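Commentary on secondary and tertiary structure
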Amino acid sequence: SDLVAGRAFNAALVGAGVTVSSARVDDRTTGAEFEALRTRADSADVVVVSAFVSPRDYRGTIGAGGGFGEWVEALSADGRPVVVVSFGSPYLLDSFPSVPTYLLAWSGVEVSQRAAARALVGTIPITGRLPIPLPPHHAAGEGIQRPARQVSASFLRSPEPGA
């Protein structure tokens, strides 16, 4: 329902030289639309799912029509590289537990979107630790440490003043 969800994230990925093809799904998305997206995913090197579901809205499943959680699980089961970035509830992992890469951005605000994109492409380190458990998947304190890698200076500049 957030019309700006993903804009800063996608713009930061594009700014890093990543080719982005995006689509929006919600409660009105049909099974046929999910199937069309699955076909589009066939040509992707990596499928990045940016999920904007608030903790308040999450009720143990993701209710996007046609089965969003099942769609993500099917992509992962097919052996496609899938990364899920949660810009809200950390508990979304329950909806697609087989996804091998799960990044928590905690919030959909623009600064979180840009930080998540920078972390994915390696321009900033990943140093997070879970402040909460995500049973049965992860204990509090788990996380990964990954240093930043060398990238162009243009990507490091924030697109907005004061950001």
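All of the points below concern the structure found in this document. (Residues numbered from 1 in each chain as written. Predicted model: local features only at pLDDT ≥ 70, side-chain atom pairs only at ≥ 80, totals over all residues. Heavy atoms only, no water.)

Right, let's talk about the nonpolar core for a bit. In this structure, Val49, Trp71, Val72, Val82, Val84, Phe96 and Tyr102 are the most contacted members of the largest nonpolar core, which totals 21 residues. Secondary structure elements with two or more residues in this core: α2 (31–41), β1 (47–51), α3 (68–77), β2 (82–86) and β3 (101–104). Of the residues forming this core, the biggest block, 4 residues, is contributed by α3. Leu13, Val83, Leu103 and Ala116 belong to the second-largest nonpolar core, a separate cluster that totals 11 residues. (Core = buried A, V, L, I, M, F, W, Y, C linked by side-chain atoms within 4.5 Å. Buried < 20%, exposed > 50% of the residue type's maximum accessible area, 1.4 Å probe, protein only. Helix = DSSP H or I, 4+ residues; strand = E, 2+ residues; numbered from the N terminus.)

Bringing empty space enclosed by the protein into the picture now. Tallied over the full model, the rule gives 1 cavity of 30 Å³ or more. Space inside the largest cavity adds up to approximately 40 Å³. Every residue lining the largest cavity is listed: Pro90, Tyr91, Leu93, Asp94, Leu134, Pro135 and His137. By residue class, the composition of the lining of the largest cavity is 5 nonpolar, 1 polar and 1 charged. (1 Å grid on protein atoms, 1.4 Å probe; cavity = no way out; pocket = protein on both sides within 12 Å on 5 of 7 lines; lining within 4 Å. Points joined across faces, edges and corners; volume = space filled by probe spheres on them. Nonpolar A, V, L, I, M, F, W, Y, C, P; charged D, E, K, R; others polar.)

Over its 12 residues, helix α4 (residues 110–121) extends 17 Å from the first C-alpha to the last, a length consistent with the 16 Å expected when each residue adds 1.5 Å. Taken as a whole, α4 has its buried residues at Ser112, Gln113, Arg114, Ala116, Ala117, Arg118, Ala119 and Val121. One or two steps after α4, the chain reaches Gly122, where phi turns positive at roughly 90 degrees. (Expected span 1.5 Å × (residues − 1).)

A word on the pattern of salt bridges. This model, assessed by the stated rule, comprises 5 salt bridges. For the salt bridge of Arg80 with Asp42, the shortest nitrogen-to-oxygen distance reads 1.8 Å. In this pair, Arg80 sits in the loop between α3 and β2 while Asp42 sits in the loop between α2 and β1, placing the two residues 38 residues apart along the sequence. We note a salt bridge from Glu110 to Arg114, for which the minimum N-O separation is 3.6 Å. Of this pair, Glu110 and Arg114 both sit in helix α4, separated by 4 residues, roughly a single helical turn. The exposure class of Glu110 is partly exposed, given its relative accessible area of 35%. (Salt bridge = Lys/Arg side-chain N within 4 Å of Asp/Glu carboxyl O.)

With that out of the way, let us pick up the packing of α2 against α3. Put simply, α2 and α3 touch, their axes get as near as 11 Å, and they point 25 degrees apart. Between α2 and α3, the angle falls in the class roughly parallel. Considering the relative orientation of α2 and α3, their crossing is right-handed. Together, Phe34, Leu37, Arg38 and Ala41 of α2 and Phe68, Trp71, Ala74 and Leu75 of α3 make up the contact between the two elements. (Axes fitted to C-alpha atoms, helices over the stretch in contact; angles between N-to-C directions. Parallel < 35°, antiparallel > 145°, perpendicular 65-115°, else oblique. Left-handed = near helix turned anticlockwise from the far one by under 90°. Contact = heavy atoms within 4.5 Å.)

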